[in-house]
Structures are given as structure tokens and as C-alpha cells.
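One-letter residues, chain by chain:
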Amino acid sequence: MQIHLVAIGQKMPRWVNDGYSEFAKRLPHECRLNLHEIPAGKRGKNSDIKRILQQEGERMLAVLPKDCLTIALDVKGQSWSTEKLSSQMSQWMQDGRNIALLVGGPEGLDPSCLNRARQSWSLSPLTLPHPLVRILLAEQIYRAWSILANHPYHRA
């Protein structure tokens, strides 16, 4: 199973790339985490946000692997504990399909992305900086895998 993290935004600070890479590289080959950075639309004082979201959504959907299970990260989605994520990951691995996690830009995801998603997951009711979300996702995916593998990383 491959997990594709499709996120709006490029040219992240070094601390973001380092944090993300630290956890992504720990995952085994059968559960690889791949980052797809999608350029954010230019936002200005008089920007057409609806059009920008639509264009970002089109670019996100264009990079999704065929027949992958798509999950939207959305504040209105379901909250999962780490144990629930581990259970979800076990189901995903048994299903044998690739997974795509969609992370939108400052205004969230375009409706086309939300409609494509089979599940909607909320990391927190808090508003999180999008660069931090990448690190948080990579760490939680690694933690969920460590539970499944009986690895000592997760000590709850």
C-alpha cells in the first residue's frame, strides 16, 4: 500500500521538510508515504477565491493514482484517535488499495475534492498551520503503523 499525501503548498521551510521526512523515512516499503506538493493559487486583495479553490482542486485530483481510496482532511470530518487511525490503516492494508490524503490550502478543499473523498478526517477542531499538518500526518501514520507492527514507538 502506498499513501499519497496530496497537499497545497510548495517550498516549505526546512523544519517542515525535515520533520516530514523524519517520519516518512521510518515507514516500511509496504506502507510508503509519498508527498505530492500542489502549487497554491495566487491570493491577493481582490482574488477570486472560488476560482482559485477550483483550480487547486483540479490540480489535486489530477495527481491522484487510479483507484485509490481518497480521504479528505477537513475540519468537519470525523475525529480519530491514534488507535482508530491504526484500525483504519489495518483495513486499508487489507484492502490492498493505495490511499490519498488531501490537504487543502488556507480556505480548505474545493468541493470537487470533498465529493471525491470516501472519508473525511478531522485532525483537530483547532485551525492548524498547513505546514505543521504535514508533519503531524507523517508522525501519526508512523505511529499507527508502529501499533500494527508492535513496534515500541507507541507507548500509550
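Just above, that's the structure.
Each chain carries its own residue numbering, running from 1 in the direction its sequence is written. Only residues with pLDDT of at least 70 are given local features in this predicted model, and only at 80 or more are side-chain atom pairs given and counted; all residues enter the totals for whole chains, interfaces and linings. With hydrogens and water excluded, all non-hydrogen atoms of the structure serve as input to the side-chain values.

A. Here's a closer look at the overall build of the chain. Here a strand is any run of E in DSSP of at least two residues, a helix any run of H or I of at least four, and the numbering for each starts at the N terminus. If you tally the helices and strands in the chain, you get five helices and five strands. Secondary structure elements in the chain, listed N-terminal to C-terminal, are β-α-β-α-β-α-β-α-β-α. The C-alpha extent of the chain, read off along each of the three principal axes, is 50 × 35 × 30 Å. The buried share of the chain, taken over its 156 residues, is 45%. In this scheme, a residue with accessible area under 20% of its type's maximum is buried, one over 50% is exposed, and one in between is partly exposed, where area comes from a 1.4 Å probe on protein chains only.

B. Local environment of the packing of aromatic side chains. Any Phe, Tyr or Trp ring, taking Trp's six-membered ring, that has another such ring centre within 6.5 Å forms a pair; planes under 30 degrees apart are called stacked, those over 60 apart edge-to-face, and the others tilted. Taken as a whole and assessed by the stated rule, the structure comprises six aromatic pairs. With a centroid separation of 4.9 Å and an interplanar angle of 65 degrees, the aromatic rings of Tyr-142 and Tyr-153 are classed as edge-to-face. With Tyr-142 in helix α5 (residues 130-148) and Tyr-153 in the segment after α5, this pair connects stretches of sequence that are 11 residues apart. Through a chain of ring-to-ring contacts, three or more aromatic side chains come together here, namely Phe-23, Tyr-142, Trp-145 and Tyr-153. A cation sits over an aromatic face here: Arg-26 above Tyr-142, 5.4 Å from the ring centre. Note on geometry: a ring has a charge over it if NZ (lysine) or CZ (arginine) is within 6 Å of the ring centre and within 35 degrees of the ring normal.

C. Representation of the packing of helix α3 (residues 82-95) against α5. Running from amino to carboxyl end, α3 crosses α5 at an angle of 75 degrees, the nearest separation of the two axes being 8 Å. It follows that α3 is roughly perpendicular to α5 by the angle criterion. From α3, Thr-82, Leu-85, Ser-86, Met-89, Ser-90 and Met-93 reach across to α5, where they touch Gln-140, Ile-141, Arg-143, Ala-144, Trp-145, Ile-147 and Leu-148. Of the residues contributing to the contact of α3 with α5, the split by class is eight nonpolar, four polar and one charged. With axes taken as lines fitted to C-alpha atoms, and helix axes fitted only over the stretch in contact, angles between N-to-C directions fall between 0 and 180 degrees. Oblique is the label for any angle not covered by the other classes, which are roughly parallel (under 35 degrees), roughly antiparallel (over 145) and roughly perpendicular (65 to 115). Two residues form a contact once any of their heavy atoms are found within 4.5 Å. Residues were grouped as follows: Ala, Val, Leu, Ile, Met, Phe, Trp, Tyr, Cys and Pro as nonpolar; Asp, Glu, Lys and Arg as charged; and all remaining residues, including Gly, as polar.

D. Quick look at the sheet that holds strand β2 (residues 32-38). Pairing is parallel in the open sheet, where five strands are placed in the order β2-β1-β4-β3-β5. Whereas interior strands pair on both sides, the edge strands pair on one side only; in this sheet they are β2 and β5 (119-122). Between one strand and the next, the sheet's axes are offset by a mean angle of 30 degrees, whatever the strand orientation. Between any two strands, pairing holds if DSSP finds at least two bridges. Across five bridges, strand β3 (residues 69-79) lies against β5 in parallel orientation. Its bridge partner being in β5, Ala-72 is matched across the sheet by Ser-120.

E. Just helix α2 (residues 49-62), in detail. An ideal rise of 1.5 Å per residue puts 20 Å on 14 residues; α2 measures up with 20 Å between its terminal C-alpha atoms. Burial in α2 covers these residues: Ile-52, Leu-53, Glu-56, Gly-57 and Met-60. Seen end-on, α2 carries its buried residues on one side only, within an arc spanning 135 degrees. For α2, the exposed residues lying more than 90 degrees away from the buried face are Lys-50 and Ala-62. Structurally, α2 contributes buried residues whose contacts are with β1 (2-8), β2, β4 (99-103) and α4 (111-116). Multiplying 1.5 Å by the helix residue count minus one yields the expected span of that helix. This arc is taken over the directions from the axis of the helix to the C-beta atoms.

F. Structural detail: the pairing of β2. One ladder, built from seven bridges, connects β1 with β2; its direction is parallel. Each residue of the ladder has a partner; that of Ala-7, found in β2, is Glu-37. Handedness of the crossover is the feature at issue here: the chain leaves β1, passes through helix α1 (residues 14-24), returns alongside β2, and the resulting connection is right-handed. Place the viewer so that the strands point away; then a crossover is right-handed whenever the path from the first strand over the helix to the second strand goes clockwise.

Interpretation in functional terms is not warranted from these geometric data alone.
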